[in-house]
Amino acid sequence: MLSINRSCDGRKETVKVFLLCTIVCGLTGIFIYLVAYDLLINGPLAWHLTRKSAVEGAIEALLLTSVMCSAMIWHNRWTLGVAILGALLYARRHNAELTLLVGWLYWELLLALGYLFLTQFVKSRSDCCAALLAGVSLWLIITFILSVFQVAYPGILLALLGILGIVSALISQHGLGIVALYRNVRPENSLQAILLGAGLTWLLVQAARSQNVIGHDTVWYLSRSDTLLAPMGSVFQNLNLVSPVHYFPKLWETLLLPVTAFDQLRIQIGVAIALLVITSAVVWQLCARLSLPKLWRLMAALLLFTIPAWANAALQIKSDVIATFFLLLMLLKLAPWFSERCVAGLLYAMAAAALAVSCKYTAIPYVFISMVFVFLEYWARGNARLLQIDRPCLFASASVLVLAICVALVLLVRTWLLTGVPTVGPDPLLKIWLWLGFTQQEPAGTLNWTRPQLWSDVPMLFYDWLWAPSNMSKIRISWQGNYWLLFLLVGGLAAILGFKARFRRLNSLFYIMLILCGLGLLVAIAWRYHSRGGDGNYYMYPLALVTCLALFCAASRLHYSACFRRVITVVVLVFSVFHAGQSFISAAWSKPGTRALDMDFSGRPFAGGGWRDRELQRLGLYEIGTYLDSASPDARVVSYGIDQYGSLFSVPTEDLLFIKYARPEYTLSVDSVVRYLKAYKIDYLLLSNNKEKIKNLLLLSDLQKYADLHGWSFVEAQGGRLYSVNMKR
């Protein structure tokens, strides 16, 4: 009788699993079709699918995927050899070797520096994440010290980082630390092998894509730290720039400063891509802390690595990438505090939090709520467990925390010295500074960051975020996906069908992630952004958290079904291919895909000179760029009517339109503009000579007439005329 009951229960469970798998497949098709129709079939990306660089580039990427996945599945010397050869040929054809190599080595050097500090100076054992925190903080302190002596030039910083990193690696002897993050990723079965192979292929494709992608913010300020942050060897120099983006926390641009010495945008993108790989490894470890099995950890990493909100942010070197990394690292280091009351873990988490808010202001609410949760959780359970204090580890974590706080304070002081307030925005924080008696100094401006929410639009916002991103001008190229909703539904359906949760009970880490997901939702809907729905990179951090939690909900009840594991792996692969396809054609509205199929393997990393010279040549401004190369590195240029790429000179250049957004009083009339130029000792005024723009742009024609009437000397090129601002007239 007992065996009959077990047989009946087994049949019932099989039926329920089959029903659930059917529902999952159906919902996957619906979720993907709605977005595909909205964006690709009847939407703004339909044209991109007709380009040879997209179609043939996708075919090439799929062939490489099949090779990499086959190598991971069979995993013998022959298949691995073919995979390595295929990867090398792919990188060579797309001239991506230097992009991958420098991106990886950069973080290895910082990691080696951190290991040296912790093991030799602090005399403590440490893991890779702690060493990276130490390395980043220590290197930034070194950069700030060099800035005081005005010698923080990109070439000097690059050479110094190379020397210090190599010496540190030789002394600490920790090997290749970044590789160690993936030490446990080696696949144990074919399902894991396919996911890993797909992820490795996407890494190569991202490096190949870097030759085509140039983002708006990338050109505006993110990639130009050598000219907009420290043109004279100091990050503290006042260049009298107006737009608030030049006074945002500059941790990310300071870190990128050494690699600007290559004068290749692809190298900076390579650093961001490598950081995205490290961030995916942190997601892997965070999932392990939630007791997710290895297969599901790979799913989480792959889904996030390919989603446009993550992938395209890296291609545009957005500061959200590094802010998300530090925020996730904060959570990872809080895990031992919650489970073991490890004080060192708490201090490392606080160090990561200090660095996160020094990357981007959007990290502030997440850090604040996290610290409040830590306090309340300890207050509620403080007597349940004694504090775990390992003196060497405690001293190491305290040292890293001091370094991180010093970095955060230096960046705050920098903003205060240049603008009169510790932070330029966001609005609530700026109002607090003004209430405390700080005064914002000119010419530093601010923006109207947000507007009151139209709550009647919120239900439609959710629909558009999930299934109609074409209705949001920025989300359409940085979509944050809808797969996580599917996994949450799957977990809910499994509970309704009677599948029992078999993982260990929920812990404090789970609850803080849940609360932070709610905070991310609040950030998304509490106010209106200038662009409806905001930008996908705003949601990188909550997207990582909801991905981990959604997979946890499904895996805790269904991981033990072999049939469901196979089905859900296919579903994850389908979603990942769909995400990767969107990113492949949409990043920053740049050229879609990679390039058409050919047998040209002759590309060279520095062919055609620096990336900025190539863009200036295309715009007909190369002669002006050559002229400005002989000017003082801190000579100021204000441009008007020029394409955004026209600001890529070797001296600090700011567009009058961006000045208008931050300080409209400077652009009310020709006299207002001239007063601004003279008051802040602007050296040059670059005006477009495009007849259509002269006719349509307010003040452009009048500014030209004023300059000519007052005898300002000029240098002319096909794309514009550069006037020397005469202070005496």
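All of these numbers come straight from a predicted model, not from anything done at the bench. (Residues numbered from 1 in each chain as written. Predicted model: local features only at pLDDT ≥ 70, side-chain atom pairs only at ≥ 80, totals over all residues. Heavy atoms only, no water.)

(A) Spotlight on the overall build of the chain. Summing up its helical and strand segments, the chain has 30 helices and seven strands in all. Since a compact globule built from 729 residues should have a radius of gyration of about 27 Å, the 27 Å found for the chain is in line with a globular shape. Its C-alpha atoms give the chain principal-axis dimensions of about 105 × 60 × 60 Å. Relative to its full complement of 729 residues, the chain shows a buried share of 58%. Within the chain, counting contacts between residues at least 6 apart in sequence, those at least 24 apart form 79% of the total. Counting only carbon and sulfur atoms, one obtains 65% of the accessible surface of the chain, whose full area is about 30,000 Å². Across the chain, the mean location of the 60 positive side-chain charges is 9 Å away from that of the 39 negative side-chain charges. (Helix = DSSP H or I, 4+ residues; strand = E, 2+ residues; numbered from the N terminus. Rg over C-alpha atoms; globule rule 2.2 N^0.38 Å. Buried < 20%, exposed > 50% of the residue type's maximum accessible area, 1.4 Å probe, protein only. Contact = heavy atoms within 4.5 Å. Areas by Shrake-Rupley, 256 points an atom, 1.4 Å probe, with all protein chains shown as cover. Lys, Arg positive; Asp, Glu negative; His and termini not counted. Charge placed at Lys NZ, Arg CZ, Asp CG, Glu CD.)

(B) View of the sheet that holds strand 6 (residues 714-717). Ordered in space as 4-3-5-7-6, the five strands form an open sheet in which the pairing is mixed. Each edge of the open sheet carries a strand with a single partner, namely strand 4 (653-655) and strand 6. For this sheet, the mean inter-axis angle between neighbouring strands, taken without regard to orientation, is 20°. In terms of strand pairing, strand 6 meets strand 7 (residues 720-724) through four bridges, oriented antiparallel. Opposite Phe714, over in strand 7, you have Tyr723 as the bridge partner. Across the face of the sheet, helix 30 (residues 700-709) comes into contact with strand 3 (637-640), strand 5 (684-688) and strand 7 while running at roughly 130° to strand 5. (Pairing = 2+ DSSP bridges. Axes fitted to C-alpha atoms, helices over the stretch in contact; angles between N-to-C directions.)

(C) How the structure looks around the pattern of salt bridges. In this structure the tally under the stated criterion is 21 salt bridges. Between Glu60 and Arg93 there is a salt bridge, with the nearest N and O atoms lying 2.8 Å from each other. Of this pair, Glu60 sits in helix 2 (residues 52-74) while Arg93 is found in helix 3 (residues 77-93), placing the two residues 33 residues apart along the sequence. As far as burial versus exposure is concerned, Glu60 and Arg93 are alike and both buried. Taking the shortest distance from any N to any O, the salt bridge between Asp226 and Arg612 comes out at 2.6 Å. Of this pair, Asp226 sits in helix 10 (residues 225-228) while Arg612 sits in helix 25 (residues 611-619), and the two are 386 residues apart along the sequence. By relative accessible area, which is 15% here, Asp226 ends up buried. (Salt bridge = Lys/Arg side-chain N within 4 Å of Asp/Glu carboxyl O.)

(D) Fine view of the nonpolar core. Of all hydrophobic cores here, the largest spans 236 residues; its most connected members are Trp107, Trp252 and Leu255. Here this core gets 16 residues from one element, more than from any other, and that element is helix 12 (residues 265-289). Setting aside residues no more than four positions away along its own chain, Trp252 makes contact with Trp107, Leu222, Val271, Ala272, Leu275, Ile317, Lys318, Ser319 and Ile322. One finds Val670, Ile682, Leu703 and Tyr706 within the second-largest nonpolar core, a separate group that totals 24 residues. (Core = buried A, V, L, I, M, F, W, Y, C linked by side-chain atoms within 4.5 Å.)

(E) Region of interest: helix 25. Burial in helix 25 covers these residues: Trp611, Arg612, Glu615, Leu616 and Leu619. One side of helix 25 carries all its buried residues, which in axial view fall inside an arc of 135°. Against the buried residues of helix 25 lie helix 10, helix 12 and helix 26 (622-629). Just downstream of helix 25, Gly620 is the residue with a positive phi angle, here 75°. (Arc of directions from axis to C-beta.)

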